[in-house]
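Understanding the architecture of this molecule
Residues per chain are reported as follows:
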Amino acid sequence: MNPENAETYINHPTWGLLYRICMVDDNQDLFTTLYAQRLFFLVANDIKAIKFQPIGRTEARMLLENRLRTLRRNGQLQEYDQLQSVFQRTFQ
């Protein structure tokens, strides 16, 4: 299974259940609050711990746009289409 289209959830100590939007790089993923999708977090998973970095809506949008460009450039069209749908639901 491709990790790009697998649904992933993680529990934030303050904000509750977060939903994974997409991978940002090898050790970071973009997450948002499950219900409102108004708060965004970069989540880094290293050997020691999971680290939550809150980011703004604009930065989250830019990260998602960058991921879309990478998928299109690499010819990963199925993942691109799925992420484009997430982008539209989240930011438009």
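Read on for a plain summary of the structure. Please read these numbers as outputs of a predicted model, since none were measured by experiment. (Residues numbered from 1 in each chain as written. Predicted model: local features only at pLDDT ≥ 70, side-chain atom pairs only at ≥ 80, totals over all residues. Heavy atoms only, no water.)

1. Overview of the packing of aromatic side chains
Worth spelling out the cut-off: Centres within 6.5 Å make a pair out of two Phe, Tyr or Trp rings, where for Trp the six-membered ring is used; the pair is then stacked when the planes are under 30 degrees apart, edge-to-face when over 60, and tilted otherwise. Secondary structure is summarised from DSSP: a helix means a run of H or I of at least four residues, a strand means a run of E of at least two, and numbering begins at the N terminus for each. Per-residue accessibility, obtained with a 1.4 Å probe over protein chains only, is compared with the maximum for each type, and a residue is labelled buried under 20%, exposed over 50%, and partly exposed between these values.
For the structure shown, the criterion picks out 4 aromatic pairs. Here Tyr9 and Tyr19 contribute two aromatic rings whose centre-to-centre distance is 5.5 Å and whose plane-to-plane angle is 50°, an arrangement assigned as tilted. Linking Tyr9 in strand S1 (residues 9-12) with Tyr19 in strand S2 (residues 16-25), this pair joins segments that are 10 residues apart in sequence. Relative to Phe52, the ring of Phe41 has its centre 6.4 Å away and its plane inclined at 85°; by these criteria the two rings are edge-to-face. Placement of Phe41 in strand S4 (residues 40-45) and of Phe52 in strand S5 (residues 50-55) is noted, with a sequence separation of 11 residues between them. Assessed through its relative accessible area of 25%, Phe52 is described here as partly exposed. One aromatic cluster is present, built from ring pairs that chain together Phe40, Phe87 and Phe91.

2. Observations concerning the pairing of S1
Formally: For two strands to pair, DSSP has to find at least two bridges joining them.
Burial along S1 is one-sided: the residues Ile10 and His12 are buried and none of Tyr9 and Asn11 is. In this structure, S1 lies alongside S2, joined through 4 bridges in antiparallel fashion. Across the sheet, residue Ile10 finds its bridge partner in S2, namely Leu18. Connecting S1 to the antiparallel partner S2 that follows it, the hairpin turn spans 3 residues.

3. Here we look at the sheet that holds strand S3 (residues 28-33)
Under the convention used in this document: Only the stretch in contact is used when fitting a helix axis, every axis being a line fitted to C-alpha atoms; angles between N-to-C directions are given from 0 to 180 degrees.
Judged by pairing direction, the sheet is antiparallel, and its 5 strands sit side by side in the order S1-S2-S3-S4-S5 without closing on themselves. Here the strands that pair on one side only, and so sit at the sheet edges, are S1 and S5. Each adjacent strand pair in this sheet contributes to an overall mean axis angle of 40°, direction not counted. Bridging between S3 and S4 involves 5 bridges; their strand directions are antiparallel. Its bridge partner being in S4, Gln28 is matched across the sheet by Ala44.

4. A few points about helix H2 (residues 77-91)
Quick note on the threshold: What a helix should span is 1.5 Å times the count of its residues minus one. Our arc is simply the arc of the directions from the helix axis toward the C-beta atoms. Here a residue-residue contact requires only that any non-hydrogen atoms of the pair lie within 4.5 Å.
In this model H2 runs 20 Å from its N-terminal to its C-terminal C-alpha over 15 residues, within 8% of the 21 Å that 1.5 Å per residue would give. Listing the buried residues of H2 in full gives Glu79, Tyr80, Leu83, Val86, Phe87, Thr90 and Phe91. Projection of H2 onto a plane perpendicular to its axis shows the buried side chains occupying an angular sector of 125°, all on one side. When the buried face of H2 is taken as reference, the exposed residues oriented beyond 90 degrees from it are Leu77, Gln78, Asp81 and Arg89. Of the surrounding elements, those touching the buried residues of H2 are S2, S4 and helix H1 (57-73).

5. Here we look at the nonpolar core
Soluble globular proteins tend to bury their nonpolar side chains together. Test applied: In these notes, a set of buried Ala, Val, Leu, Ile, Met, Phe, Trp, Tyr and Cys residues joined through side-chain atoms within 4.5 Å is what counts as a nonpolar core.
Judged by nonpolar contacts, the single largest core of 16 residues is most densely connected at Ile21, Leu30, Phe40, Ile55, Leu64 and Leu83. Residues Ile10, Phe31, Phe41 and Val43 belong to the second largest nonpolar core, which totals 5 residues.

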